[in-house]
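# Tertiary structure, described
So the chains spell out like this:
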Amino acid sequence: MEFKFQLWGLLPISLLLVFSNLQNWASAKPQVPCYFILGDSLSDNGNNNNLKTLAKVNYQPYGIDFPKGPTGRFSNGRTLQDVIVELLGFKHYMPPFAESKGKNILNGVNYASGSAGILDASGKQLGARIPMHEQIKNHKTIISRISRLLGDGSSTKKLLSRCIHSIQIGSNDYINNYFRPKFYNTSRQYTPQQFAEVLVQQYSQQIKALYDNGARKFALYGLSLIGCTPNAITVCGTNGSLCVDKLNSAATLFNDKLKPLVEELNNNLTDAKFTYLNPSGTSADLLLFVTNGTCCKAGGGGGELCVRNSKPCSSPRRYVFWDAVHTTDAWNEVVAKRAYHTKSPLEAYPFNIYKLAKHKVNTNEVMSI
């Protein structure tokens with residue numbers, strides 16, 4: 001015992017502070033009690049593994065930098081949502097709905113599904129998927145299971161009101177619907193402006209369905225620059241531009257309608273908080289990465305995924321894109337940290353994830369639902 005005290009006394013103050021911080025982190029509670037994830041392949045962590053679909057990645061080289069290897073995450077390592085979960089102080093990632101069981105659902109569940117969209121039909125040419133409305137049904141199933149675990153509905157409502165519901169969806173409604181006229185007629189039915197209106201109107205109803213089932217904290221991600229993915233550039237061509245302008249313009253129309261929806265929801269549903277998050281990163285961030293290529297050899301899935309068991313690049317941390325659509329662990333970390341910490345209204349509006357987590361919900365209003 002004497003030896004131990006002498007050893008601590010010899011350690012530099014800086015190291016003592018590090019040990020102290022580690023002890024505090026180990027004993028700290030997460031900033032929110034649970035975290036629910038809805039979305040597409042940018043967030044999927046295994047829900048598609050047992051579906052009949054081209055949009056699944058439970059094989060190498062996916063997961064080469066993830067402790068459990070290939071899990072169904074469309075990256076070499078963590079997704080953006082995984083990094084947010086870490087920043088919020090959770091010790092474990094949210095389980096996919098397909099594997100959720102027991103008390104692990106009390107900390108949250110991931111419902112996201114590769115190739116899923118706001119519209120049910122989006123992604124159908126790739127096979128089975130779990131579109132947004134079915135993810136909401138799965139969430140209702142989890143709510144029922146949580147109620148049984150907690151023993152009463154009021155405790156469940158109180159818990160859900162304090163959790164963050166994070167949604168990143170909409171890309172497939174464009175890249176696997178509107179801009180696939182061979183499989184879908186939406187581009188003949190609607191102008192890009194009209195289609196954005198259709199999507200955001202449907203999305204609004206889905207968000208309100210989550211609200212009606214107890215959600216009170218919403219992190220709503222816009223669309224990234226979908227015209228700058230290696231797959232988009234290869235398939236569509238750029239006509240001399242750096243990216244596919246028509247895809248980026250369509251994504252901008254969607255985002256420009258999602259932002260005022262966030263304001264409307266905050267004004268009308270005053271017992272809840274909604275925030276818009278930009279997942280594209282900044283120009284300064286992009287300068288530090290290779291943006292014009294993929295780390296793995298693309299050609300799997302529908303042509304945009306890594307070829308099974310192919311050898312990837314030696315430095316994934318240098319790349320934005322892991323395959324021809326999905327981003328690397330390193331880029332996901334950059335974007336997640338911005339969503340969590342940023343003070344820029346261009347990146348998070350009206351507030352970042354940290355402030356969303358800190359928001360206090362009026363539980364009296366929740367109980368009256």
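Residues numbered from 1 in each chain as written. Predicted model: local features only at pLDDT ≥ 70, side-chain atom pairs only at ≥ 80, totals over all residues. Heavy atoms only, no water.

Attention now moves to the confidence of the model for the protein chain. Detailed reading of the predicted coordinates is not advisable wherever pLDDT falls low. Predicted confidence across the protein chain gives a mean pLDDT of 92, with 91% of residues reaching 70 or more. In this model residues 1-26 is a low-confidence stretch, pLDDT under 50, and it forms five contacts with partners more than four residues away in sequence or in other chains. (pLDDT = per-residue confidence, 0-100. Contact = heavy atoms within 4.5 Å.)

Summed over all chains, the structure comprises 15 aromatic pairs. When the ring of Phe36 is compared with that of Tyr111, the centres are 6.3 Å apart and the planes differ by 15°; the resulting orientation is stacked. Of this pair, Phe36 sits in strand 1 (residues 35-39) while Tyr111 sits in the loop between helix 3 (80-87) and helix 4 (132-150); the two residues are 75 residues apart in sequence, bridging distant segments of the chain. A relative accessible area of 0% means that Phe36 is categorised as buried. Judged by centre distance (5.2 Å) and plane angle (85°), the ring pair of Phe289 and Trp331 falls under edge-to-face. (Phe/Tyr/Trp six-rings, centres within 6.5 Å; stacked < 30°, edge-to-face > 60°. Helix = DSSP H or I, 4+ residues; strand = E, 2+ residues; numbered from the N terminus. Buried < 20%, exposed > 50% of the residue type's maximum accessible area, 1.4 Å probe, protein only.)

Our focus in this paragraph is the environment of Ser115. With respect to the element layout, Ser115 can be found in the loop between helix 3 and helix 4. Distance from Ser115 to Leu269, taken between C-alpha atoms, is 30 Å for residues 154 residues apart in sequence.

Before going further, it helps to examine the packing of helix 8 (residues 192-212) against helix 10 (residues 245-268). Here helix 8 crosses helix 10 at 35°, and the two axes come no closer than 9 Å. As helix 8 runs across helix 10, the sense of the crossing is right-handed. Listed contacts from helix 10 to Pro192, Gln193, Ala196, Glu197, Leu199, Val200, Tyr203, Ser204, Ile207 and Lys208 of helix 8 are Leu253, Phe254, Lys257, Leu258, Leu261, Glu264 and Leu265. (Axes fitted to C-alpha atoms, helices over the stretch in contact; angles between N-to-C directions. Left-handed = near helix turned anticlockwise from the far one by under 90°.)

Here helix 8 contains 21 residues, and its C-alpha end-to-end distance of 30 Å stays within 8% of the 30 Å for a straight helix at 1.5 Å per residue. Those residues of helix 8 lying buried are Phe195, Ala196, Leu199, Val200, Tyr203, Ser204, Gln206, Ile207, Leu210 and Tyr211. Gly214 occupies a position one or two residues after helix 8 and carries a positive phi of about 105°. (Expected span 1.5 Å × (residues − 1).)

What follows concerns the pattern of salt bridges. On inspection of all chains with the given rule, the structure shows 10 salt bridges. The partner of Arg73 in a salt bridge is Asp82, and the shortest N-O contact between them spans 2.6 Å. Here Arg73 matches Asp82 in class, with each residue buried. As a salt-bridge pair, Arg78 and Glu86 come within 2.8 Å of each other at their nearest N and O atoms. (Salt bridge = Lys/Arg side-chain N within 4 Å of Asp/Glu carboxyl O.)

What follows is about the sheet that holds strand 4 (residues 273-277). The strand order across the open sheet formed by five strands is 1-2-3-4-9, and the pairing between neighbours is mixed. Pairing within the sheet leaves two strands with one partner each, and these edge strands are strand 1 and strand 9 (348-349). Strands strand 3 (217-221), strand 4 and strand 9 of the sheet are contacted by helix 10, whose axis makes an angle of about 160° with strand 4. (Pairing = 2+ DSSP bridges.)

Glancing now at the nonpolar core. Core analysis: the largest hydrophobic core is formed by 47 residues, its most contacted members being Phe36, Ile167, Tyr174, Tyr203, Ile207, Phe254 and Phe274. Excluding residues that lie within four positions of it along the chain, Tyr174 makes contacts with Phe179, Phe195, Ala196, Leu199, Leu223, Ile226, Ala250 and Phe254. Of all hydrophobic cores here, the second largest spans 28 residues; its members include Tyr35, Val83, Ala330 and Ile353. (Core = buried A, V, L, I, M, F, W, Y, C linked by side-chain atoms within 4.5 Å.)

The next point concerns the state of the cysteines. A covalent bond bridging the sulfur atoms of two cysteines is what the word disulfide describes. Applying the stated criterion across every chain yields a total of four disulfides. Residue Cys34 pairs covalently with Cys163 via a disulfide, S to S 1.7 Å. Of this pair, Cys34 sits in the loop between helix 2 (13-27) and strand 1 while Cys163 is found in the loop between helix 5 (153-162) and strand 2 (164-168), placing the two residues 129 residues apart along the sequence. The same class applies to Cys34 and to Cys163, which are both buried. Shown here is the disulfide that connects Cys295 with Cys313, its sulfur atoms set 1.9 Å apart. Because the sign of the S-S torsion sets the handedness, a value of about -90° for the bond joining Cys295 and Cys313 places this disulfide among the left-handed ones. Here Cys295, found in the loop between strand 5 (290-294) and strand 6 (298-300), pairs with Cys313, found in the loop between strand 7 (305-306) and strand 8 (319-321); they are 18 residues apart in sequence, far enough to count as distant. Cys313 carries the same exposure label as Cys295, and that label is buried. (Disulfide = S-S within 2.5 Å.)

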